[in-house]
Amino acid sequence: MAEEKIFDGAFFRGLNRIKLVTRITMQGGRSGMRKSAAKGSSVEFSDFREYVPGDDIRRIDWNTYGRMEKLFVKLFVEEREAYYSVIIDTSGSMNFGKPDKGVCAARLAGAVSYMALNNLDRVRLSAICSDKIINSSDFTGRQGFNKAVAWLENMEYAGRTDLYKSIRGIPFNQRGVTVIISDLFSRDTTDKNISSITDTIRYLRYMKQEVLILHVLSPEEKEPGLEGTIGLEDTETGDILKVTATSHLCRQYKQVLERFINHVEESAKHYQAHYIPVCSDETIDTFIYKGIRSGQLENI
Amino acid sequence: MGIVRLWPALLAVLIPGIVILYLLKQKVKNQKISALNLWREAYENIQASTPWEKFRNNILMYLQIAALILLIIALMSPYITGGNSEYSNVLIIIDNSASMSGLYSEDASKLDIAKKQAADYISANDGVRYTVMSAGSTPALIVSGSEDKGRVIDAIDSIEATDASGSLDSGISMAQSATAAWDSYKVLAFTDSSANMQDMNCEVIDLSVHGENAAIQNLSHTVSEDGTVKVMARVDNYGKKQLNTDVNLYVGSKLYDIQNVTAEPGSSSVVYFKNIPRGRFNSALAGNTPYLMAELNSKDMLAGDNTVYNILNGENDNKILLVTEKNTFLEKALMLSGNKTVDKVTPKDLEAAKTDEYNLIVYDGIVPDEFPDTGNIIFINPGIAKESPGWQQEVFIFKDSTNHNQNNKQGKAVLVKAVKCDVTEYIEDYSFSCLDVTGFDTPAWASSFFNTGKGLSAGYIGNYNGRMVAVTGFDLHNTDFPLQTEFPIFMYNLLRKTMSVQIIEKTVYNAGEAVGIQKKKQAEEAAVTKPDGTKEIYSLGSGMAVFTDTLDAGLYYVEEGDDRMYFTVSFPEDESDVSKETLITSDKNTKTETSKTASKNISKKMIVMPVLALLLVLLMAEWHIYRKRL
């Protein structure tokens, strides 16, 4: 991983301007600042229903009784904490690019964690690579953010990726939000890879997760400036492909990449997941702006 | 397009070397990428369509290969022969005189080389109007202003060598008048002789070659008093080595004798064949081969001048019949005029005489009733018949003049003046007085050689129905003319003209010289057989025909009815001299180029400099790209 500082002053300044919103309502879990489908004892009114014996008589709405001569009790939405699973791809391919995709991924994970923890939500970080899954403990509260940052700073990028297989290894015990931060590259062919990504989304949706995919690519991957005869070395596998990089080949590569991105985005839409492409040279501000435009983030 | 040398093409083997060097140079530098599968997919997509993709980006390699190719081309000294000529008109003059048939190389004559080089020039130049002339004894326009190259080349191929004397000079005036009308032109002249190209813009290809050449000339024969025949010929050596060869003498087609002859370079030798029995000729004549042929027994540059002919004079052509009462002057004059037999009869005995045997009948003071069937006729002072037969009215057109005074012996003397013609050769200015002169109107078939003071003819000669007829209107007794020295000259000329020959005037012609064919007897046409055996027929309707195709030296014969007469066309002496230096001159301020080897000078533009300039541009471009990549 690059030696640059992952979480600097500019990063933290950007964090204070945002909050994360999710469309889901939380069920189960501990109390938090999110509205829950469960009716509870919060101050936010939800509905009325007729009194049945056993109800707390303190919740009877006497004004309604005066008008309707029937006993009604007020129902309130119980605010519960959301559960965020932030899955970071730490394969070798993420340790690439200028700026480094790994740094970018860590910052994105930090930003997401900050916003979630700032809303008193619960956050769990997972680093996946080479069939290996490293889950953090759940972070809560502002204190939890410091721990999350420390955890993110200690991540190492190496090995291969098998997104679907890795995510199957992560326990999802309740509804929540799963954020996948990855370049989505794998050893498989594009078609097989897209199929794997689609399976992952479908699995997460099945596990009642709101899915947000942050697709991180470096500028070199988007606009390859290769020239002459070179050996392209795969950072994950070490395989070498000798090519003479011509403008024709570069154009062809970009077409293949564009097709890949389009397919991933289509799969995400199809399974009601959210997809945000991120370039590693973008600042957190740009990412936030993109998030707001896609409805995922809004100003505080 | 052509090249001067081929060996630099071997350097092309370096081209694969450059390619190999580039392949070796391509040390593959590994570059890490996040994932290979997208690249692999992209690479597989393009690999099928472009197997040479590897080299697509190596512009430096292509530039270096191009530079090497240009260097090789420059070393090969390329030139262009094609393209549009700088001249819109090109006049090609080819000398086809006798000397051009000489050998230029072992298997090609000078004319062959000229034709080939002219054809090469035409093939190499587009957009030009070509005019082609041949120049020898007489210039001939072969093609005028044609852009059809095939037609022009075919026309050039059709130019044939002649044995006529000549040079380019004969065609210069025609060429000048042609070029005067052109704004942009070039004259391309091929010759082996000296010429003055005057003020024309021309390139002269000098095809003269110095080498060994001998010629045999002036074959002649004389009959000695003892009846034997002596034959003589001159052999000229124009080479640089001593000539030692044999001369073969043929009588007709049969070889008679061989004599050895030697001649120093630049000198001549005479070879004699003596004591040939006269009977030999007779037998030869009996075999209908009345000619001699001598030939050199060695080969040299010019074959045409190695053979020479001589025609033998037939003896039965020389008999003269004089019909006169008494005319010693005339008889003596006839006797003196050559080796001829003169028989004399009086008018009374004329009917008994066999006039058919004589070649010439001279009627002195009388006119026969019937026009003789054969022979030529001289009428001297013809009498008058009151009722003249039809033929007399055509032959004698008397004028009723004061001079016509046959019975008046005291008549006034009349001045008779010579008219310039063949009969009065050497006595053109002569005049004499005559007492009794008959004045004639010159008939349409004749021309006058003596005129009276009043413009009438006192003597005329012409071809009357195929017969030479001469008439004089005065009696030789009435003038002192026979006493003058001019008389034998006049008689010799008159006899030569009337005896000359019935069909043609002489037996030896120069190549290119016209041969006049006289009508003899009642022949309607004459046939001329050329040395190659071809025959040309001429109509004798007008009493005469002219044969001009005497461009080949050799033996010819003319046939009119039963009569056959041989004549020979001789190879011109001046064309045999191959040792002459060729001098091409022109007027001042005129561009005239002379070259010996035309093939290397015709319309070639070297293009080495443009190729080198292109090479420099390529190298600069390569340097620029190289710097840019650094």
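Before reading on, note that the structure itself is shown above.
A brief structural summary. (Residues numbered from 1 in each chain as written. Chains lettered and ligands numbered in written order. Predicted model: local features only at pLDDT ≥ 70, side-chain atom pairs only at ≥ 80, totals over all residues. Heavy atoms only, no water.)

Brief notes about the overall build of chain A
- Within chain A, the regular secondary structure consists of nine helices and 13 strands.
- Within chain A, the fraction of its 300 residues that count as buried is 51%.
- In chain A, of all internal contacts separated by at least 6 residues, the share reaching a separation of at least 24 is 75%.
- For chain A, the computed accessible surface area is about 14500 Å², with 47% contributed by carbon and sulfur atoms. (Helix = DSSP H or I, 4+ residues; strand = E, 2+ residues; numbered from the N terminus. Buried < 20%, exposed > 50% of the residue type's maximum accessible area, 1.4 Å probe, protein only. Contact = heavy atoms within 4.5 Å. Areas by Shrake-Rupley, 256 points an atom, 1.4 Å probe, with all protein chains shown as cover.)

Describing the overall build of chain B
- Looking only at helices and strands, chain B features 12 helices and 37 strands.
- Counting every position in chain B, which comprises 630 residues, the buried fraction comes to 49%.
- When contacts within chain B are restricted to residue pairs at least 6 apart in sequence, long-range pairs at least 24 apart make up 65% of them.
- When the accessible surface of chain B is split by element, carbon and sulfur atoms take 51% of a total near 31300 Å².

Here we look at the side chain of Asn376(B)
- Following the sequence through the fold, Asn376(B) ends up in strand β22 (residues 376–380).
- Here Met468(B) takes part through its backbone nitrogen, which lies 2.9 Å from a polar atom of the side chain of Asn376(B). (Polar contact = N/O pair within 3.5 Å; in protein donor to acceptor, adjacent residues only side chain to side chain.)

Concerning unusual backbone geometry
Residues and elements named next belong to chain A.
- Note the cis peptide between Lys-98 and Pro-99, where omega equals -5°.
- Among the structural elements, Pro-99 can be located in the loop between β4 (83–89) and α3 (101–118).
- In this model, Leu-184 sits at a positive phi of 60°, which is unusual for a non-glycine residue.
- Looking at the element boundaries, Leu-184 is found in the loop between β8 (176–182) and α6 (190–206).
- Residue classification places Leu-184 among the buried positions, given a relative accessible area of 3%.
- Even without being glycine, Lys-208 reaches a positive phi, approximately 60°.

What about the pattern of salt bridges?
- Here the structure, examined in full by the defined rule, presents 21 salt bridges over all chains.
- With a closest N to O distance of 3.2 Å, Asp120(B) and Lys116(B) form a salt bridge. Of this pair, Asp120(B) and Lys116(B) both sit in helix α5 (residues 110–124), separated by four residues, roughly a single helical turn.
- Here the residues in one salt-bridge network are Lys101(A), Asp183(A) and Glu221(A), joined through shared partners. (Salt bridge = Lys/Arg side-chain N within 4 Å of Asp/Glu carboxyl O.)

Focus: the sheet that holds strand β24 (residues 431–434) of chain B
Residue and element names in this part refer to chain B.
- Read from one edge of the open sheet, nine strands run β20-β19-β21-β22-β27-β26-β25-β23-β24, paired in mixed fashion. Whereas interior strands pair on both sides, the edge strands pair on one side only; in this sheet they are β20 (341–345) and β24. Along the sheet, successive strands turn relative to each other by an average axial angle of 20°, direction set aside.
- Alignment of β22 against strand β27 (residues 467–472), held across four bridges, turns out to be parallel. In the sheet register, Ile-377 faces β27, and the bridge partner there is Val-469. (Pairing = 2+ DSSP bridges. Axes fitted to C-alpha atoms, helices over the stretch in contact; angles between N-to-C directions.)

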